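# Inside the fold
Read off the chains here:
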Amino acid sequence: MSEYLKSTDYVNAYDLARDRRVISGKVRLTDMPRLREEICPTDAECVFEIKGMTAKKGWPGAVMTLAAKVPLICNHCGKPMEFPIESDVLFRFARDEKEADSIPIDDEDDTEVVVGSEKLNLMEWIEEEILLSLPYVPVHDYACKSDIEAPKQEEPKKENPFAKLKDLQGLRKN
Ligand SMILES: [Zn+2]
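Residues numbered from 1 in each chain as written. Predicted model: local features only at pLDDT ≥ 70, side-chain atom pairs only at ≥ 80, totals over all residues. Heavy atoms only, no water.

As recorded by an unreviewed UniProt entry, the chain carries the name Large ribosomal RNA subunit accumulation protein YceD and is attributed to Parasutterella muris. Among the UniProt annotations of the chain, the heading Function (unreviewed entry) holds the following wording: "Plays a role in synthesis, processing and/or stability of 23S rRNA." (UniProt positions renumbered as here; feature names shortened; annotations may be inferred.)

## Considerations on the coordination of the zinc ion
Summarising the metal site, the zinc ion is bound by the protein donors Cys74 (SG), Cys77 (SG), His140 (ND1) and Cys144 (SG), whose distances to it range over 1.9 to 2.3 Å. Around the zinc ion sit 4 donor atoms; with metal-centred angles ranging over 105 to 115 degrees, the donor geometry is tetrahedral. Here the donor residues of the zinc ion are spaced in sequence according to C-x2-C-x62-H-x3-C. Here cysteine 74 and cysteine 77 have matching classes, each one buried. (Donors = N, O, S within 2.8 Å, 3.2 Å for Na, K, Ca; no water. Tetrahedral: all angles 85-135°; square planar, octahedral: opposite > 155°, others 65-115°. Buried < 20%, exposed > 50% of the residue type's maximum accessible area, 1.4 Å probe, protein only.)

## Section: the pairing of strand 3 (residues 45–54)
Here strand 2 (residues 22–28) pairs with strand 3 via 7 bridges, running antiparallel. Bridge pairing links lysine 26 to valine 47 in strand 3. As defined by bridge partners, strand 3 adjoins strand 4 (residues 60–73) across 9 bridges and the pair is classed as antiparallel. Counterpart to glycine 52 in the pairing with strand 4 is alanine 62. (Pairing = 2+ DSSP bridges. Helix = DSSP H or I, 4+ residues; strand = E, 2+ residues; numbered from the N terminus.)

## What about the nonpolar core?
Ranked by internal contacts, the top residues of the largest apolar core, which has 38 residues, are Leu29, Ile50, Val70, Phe93, Trp125, Ile126 and Ile130. Element by element, the count of residues in this core is highest for strand 4, at 6 residues. In contact with isoleucine 50, other than residues within four places in its own chain, are Leu16, Arg21, Val22, Ile23, Ala62, Val63, Met64, Leu122, Trp125 and Ile126. (Core = buried A, V, L, I, M, F, W, Y, C linked by side-chain atoms within 4.5 Å. Contact = heavy atoms within 4.5 Å.)

## A word on the side chain of glutamate 129
Mapped onto the secondary structure, glutamate 129 falls in helix 4 (residues 122–133). The buried charged residue glutamate 129 lacks any salt bridge, with arginine 34 as its nearest oppositely charged partner at 11 Å. Excluding residues that lie within four positions of it along the chain, glutamate 129 makes contacts with Met64, Leu66, Val89, Phe91 and Glu112. (Lys, Arg positive; Asp, Glu negative; His and termini not counted. Salt bridge = Lys/Arg side-chain N within 4 Å of Asp/Glu carboxyl O.)

## Thoughts on the pattern of salt bridges
Enumeration over the complete set of coordinates arrives at 7 salt bridges. Between lysine 6 and glutamate 3 there is a salt bridge, and its shortest N-O distance comes to 2.7 Å. The salt bridge involving lysine 26 is made with glutamate 45; its shortest N-O contact spans 3.8 Å. Of this pair, lysine 26 sits in strand 2 while glutamate 45 sits in strand 3, and the two are 19 residues apart along the sequence. Judged by relative accessible area, which is 26%, glutamate 45 ranks as partly exposed.

## Digging into the packing of aromatic side chains
This model, assessed by the stated rule, comprises 3 aromatic pairs. Relative to phenylalanine 93, the ring of tyrosine 14 has its centre 6.3 Å away and its plane inclined at 70 degrees; by these criteria the two rings are edge-to-face. In this pair, tyrosine 14 is assigned in helix 1 (residues 13–18) and phenylalanine 93 in strand 5 (residues 80–94), connecting sequence segments 79 residues apart. Classification of phenylalanine 93 by relative accessible area gives buried; the value is 2%. Taking 5.2 Å as the distance between ring centres and 75 degrees as the angle between the ring planes, the aromatic pair formed by phenylalanine 91 and tryptophan 125 counts as edge-to-face. (Phe/Tyr/Trp six-rings, centres within 6.5 Å; stacked < 30°, edge-to-face > 60°.)

Here you go:
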């Protein structure tokens with residue numbers, strides 16, 4: 001599927017689960033308004049696949065698979081960074097908020113609860129999951145901050161004019 005998901009794309013959550021439908025496609029990151037406020041300008045997209053299923057215990061649900069590289073600003077150095085999302089999440093559909101609240105949180109099976117309906121907005125559902133996957137404080141996965149602070153600490157050192165001369169001589173040889 002080459003077409004991008006639209007903000008008006010809905011699915012009937014219960015049909016999806018019962019018929020084990022599979023929906024796959026792409027969604028532009030900047031098409032999602034809440035996400036757009038959290039990220040850098042980008043033309044990046046998220047690839048998704050949603051597979052309807054019925055759990056062994058009988059409840060309807062779906063597995064959502066997401067893959068995206070989200071452009072964020074590093075909180076340490078202020079430079080751009082890409083945060084990769086590769087997730088596989090099992091959702092259980094609840095009929096309404098009341099039922100959703102009554103489902104005990106089970107840390108073992110790692111299931112998330114979403115209020116499934118006959119008109120479940122796909123983009124909002126995916127957007128919510130991406131937002132939940134983003135780090136609270138984004139930082140590079142390498143020591144980017146030490147690169148910036150290092151020169152400051154070295155500044156007070158007095159320059160040795162002879163050392164400089166030595167460097168120049170070294171350069172000339174090259
Ligand atoms: Zn950084």
